[in-house]
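Tertiary structure, described
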Amino acid sequence: MNQEWTSTPTTCRGGKLFIDRFGRVVRSLRVSVTDRCNFRCVYCMAEEMIFLPRSEILTFEEIERFVRIAAGRGVRKIRVTGGEPLVRRGVPKLVQKLAAVKGIEEVALTTNGVLLPQLAVPLREAGLSRLNVSLDSLDRETFERLARRDGLRQTLDGIDAALEAGFSPLKVNAVAMRGSTERELLDFARLAREKPVIVRFIEFMPLDADGAWKRENILTRREIVERIHAEYPLEPVEGRGSSPAERFRFKDGKGEIGVIASVTDPFCDLCDRIRITAEGKLRNCLFAVEETDIRALLRGGADDEQIAEAVAQNVAQKWRGHLINHADFVKPERAMSQIGG
């Protein structure tokens, strides 16, 4: 692949930008606050997990400091992830801290929805901008098989609580897996037409802890769009920007869906994201095989500039794109729940 540097502006108000060797500027940071979860989704984590000790997890103060440093280098959007972020006590307080950081324009959160009946309003009041709720099946038996927990009713109640709290439109994420999702495509389409939600189908990626991923298990973007379009005609939505989702609206104006085709149609050229794990390891790609230990710097007396430069060095080495579709692809050692979605 071409490794030449691209000429791009390198400064912003407050300091230099985080920019990789191909000219992509980092604007978005995903922050995992826990590796724990109340589900055990087959594409994300194993049934039996050994979780990190509390002492190894970044404190809210450490997260706030890191976000402030990142904001000074041009990061504008934060997404709080897990595991399941809402199982960590006090997440609305963290959201309030992050929303108050100078330069941050949006704080979002991804959840399985189970705890939203109690937390949707506090999150909204804390300044949360957007919510994504994971929902992989509308059928109870299929849901339980995928999540390895009986939680469909709780997730649906969480979606209703989020809508009532004012998170609208709400994004609903469904991992697209052959053998389950294709039977429910039209049910999900109807959900997107009947409620103020945008259903986004995410191609099954090789980040499952059980190592069961196979290419033939992916329900592809092409199949998803074709099957829904045959029943409910779709048209593309322009203006994707750096969003991972390709968007489609129903031609009659009743709703919208999205497809995140990480495997069959990668969007790496648009990527403006980095992520930090719950224990403070910085990753410049979801599929990265190398990390930078930010926790060691935070707890070791490094000043803000030293931490920023460590991030800049990590970002500078970002690949042009992941190698899922190449013979030399190396699966990351971490599962999705340990990385942060």
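Owing to the predicted nature of the structure, the values given are computational and were not obtained by experimental measurement.

Describing the overall build of the chain
In terms of helices and strands, the chain carries 10 helices and 14 strands. Going through the 341 residues of the chain one by one, you find that 55% of them count as buried. For the chain, the accessible surface area stands at approximately 15400 Å², while carbon and sulfur atoms represent 48% of it.

Brief notes about the packing of aromatic side chains
Counted under the stated rule, the structure contains three aromatic pairs. A ring pair is formed by Phe39 and Phe143, whose centres lie 5.7 Å apart and whose planes are at 90°; its orientation type is edge-to-face. Here Phe143 lies in helix α4 (residues 140–147) and Phe39 lies in the loop between β3 (28–32) and α1 (60–71), a separation of 104 residues in the sequence. An identical accessibility class is assigned to Phe39 and Phe143; each is buried. Just above the ring of Phe167 sits the side chain of Arg124; from NZ or CZ to the centre is 4.9 Å. Over the face of the ring belonging to Phe250 we find Arg193, whose NZ or CZ atom lies 5.0 Å from the ring centre.

With respect to the environment of Leu52
Position of Leu52 relative to the elements: it lies in the loop between β3 and α1. Those residues in contact with Leu52, other than ones at most four positions away along the chain, are Asp35, Arg36, Ile57 and Glu279.

So, the nonpolar core
Ranked by size, the top nonpolar core spans 86 residues in total, and within it Leu29 and Phe201 carry the most contacts. With sequence-adjacent residues up to four places away left out, Phe201 is seen in contact with Ala174, Ala176, Thr181, Leu185, Phe188, Ile224, Ile228, Ile257, Gly258, Val259 and Ile260. Membership of the second largest hydrophobic core comes to five residues, among which are Cys285, Leu286, Phe287 and Ala288.

Regarding α4
Listed as buried for α4 are Thr142, Phe143, Leu146 and Ala147. Taken end-on, α4 shows its buried residues confined to a sector of 115°, consistent with a single buried face. Looking at α4, the residues exposed on the side facing more than 90 degrees away from the buried face are Arg140 and Glu141. On its buried face, α4 sits against α5 (152–164). For α4, the N-terminal cap is Asp139; the gap from its side-chain oxygen to the backbone nitrogen of Glu141 is 3.3 Å. Just past α4, the residue Arg148 takes up positive phi, approximately 55°.

Remarks on the side chain of Asp136
Residue position: Asp136 is located in the loop between β6 (130–134) and α4. Of the side chains with opposite charge, Arg145 lies nearest to the buried Asp136, which makes no salt bridge, at 10 Å. A polar contact of 2.7 Å, which involves the side chain of Asp136, links it to the backbone nitrogen of Val175.

Overview of the packing of α1 against helix α9 (residues 304–316)
Running from amino to carboxyl end, α1 crosses α9 at an angle of 70°, the nearest separation of the two axes being 10 Å. In terms of orientation, α1 and α9 fall into the roughly perpendicular class. When α1 is examined against α9, the residues Arg65, Phe66, Arg68 and Ile69 are found in contact with a partner set consisting of Asp304, Ile307, Ala308 and Val311. A class-by-class count of the residues in the contact of α1 with α9 yields five nonpolar, no polar and three charged.

Looking at unusual backbone geometry
Omega for the bond connecting Gly82 with Gly83 falls within 30 degrees of zero, at 20°, which places this linkage in the cis form. Mapped onto the elements of the fold, Gly83 is located in the loop between β4 (77–81) and α2 (91–99). Pro169 follows Ser168 through a cis peptide bond whose omega is 0°. The topology assignment puts Pro169 in the loop between α5 and β7 (170–176). Located in the positive-phi region is Arg148, a residue other than glycine, with phi close to 55°. Within the secondary structure layout, Arg148 lies in the loop between α4 and α5. Among the residues examined, Arg148 registers a relative accessible area of 22% and is labelled partly exposed.

Looking at the pairing of strand β10 (residues 246–250)
Pairing of strand β9 (residues 234–236) with β10, which is carried by three bridges, proceeds in the antiparallel orientation. Bridging from a neighbouring strand, Glu235 pairs with Arg249 of β10. Of the strand pairs in this sheet, β10 and strand β11 (residues 256–260) are connected by four bridges, and their pairing is antiparallel. Residue pairing in the sheet places Phe248 in a bridge with Ile257 of β11. Joining the antiparallel neighbours β10 and β11 is a turn of five residues, in which Gly253 adopts a positive phi near 85°.

The rules behind each value
- Residues numbered from 1 in each chain as written.
- Predicted model: local features only at pLDDT ≥ 70, side-chain atom pairs only at ≥ 80, totals over all residues.
- Heavy atoms only, no water.
- Helix = DSSP H or I, 4+ residues; strand = E, 2+ residues; numbered from the N terminus.
- Buried < 20%, exposed > 50% of the residue type's maximum accessible area, 1.4 Å probe, protein only.
- Areas by Shrake-Rupley, 256 points an atom, 1.4 Å probe, with all protein chains shown as cover.
- Phe/Tyr/Trp six-rings, centres within 6.5 Å; stacked < 30°, edge-to-face > 60°.
- Lys NZ or Arg CZ within 6 Å of the ring centre and 35° of its normal.
- Contact = heavy atoms within 4.5 Å.
- Core = buried A, V, L, I, M, F, W, Y, C linked by side-chain atoms within 4.5 Å.
- Arc of directions from axis to C-beta.
- Polar contact = N/O pair within 3.5 Å; in protein donor to acceptor, adjacent residues only side chain to side chain.
- Lys, Arg positive; Asp, Glu negative; His and termini not counted.
- Salt bridge = Lys/Arg side-chain N within 4 Å of Asp/Glu carboxyl O.
- Axes fitted to C-alpha atoms, helices over the stretch in contact; angles between N-to-C directions.
- Parallel < 35°, antiparallel > 145°, perpendicular 65-115°, else oblique.
- Nonpolar A, V, L, I, M, F, W, Y, C, P; charged D, E, K, R; others polar.
- Pairing = 2+ DSSP bridges.

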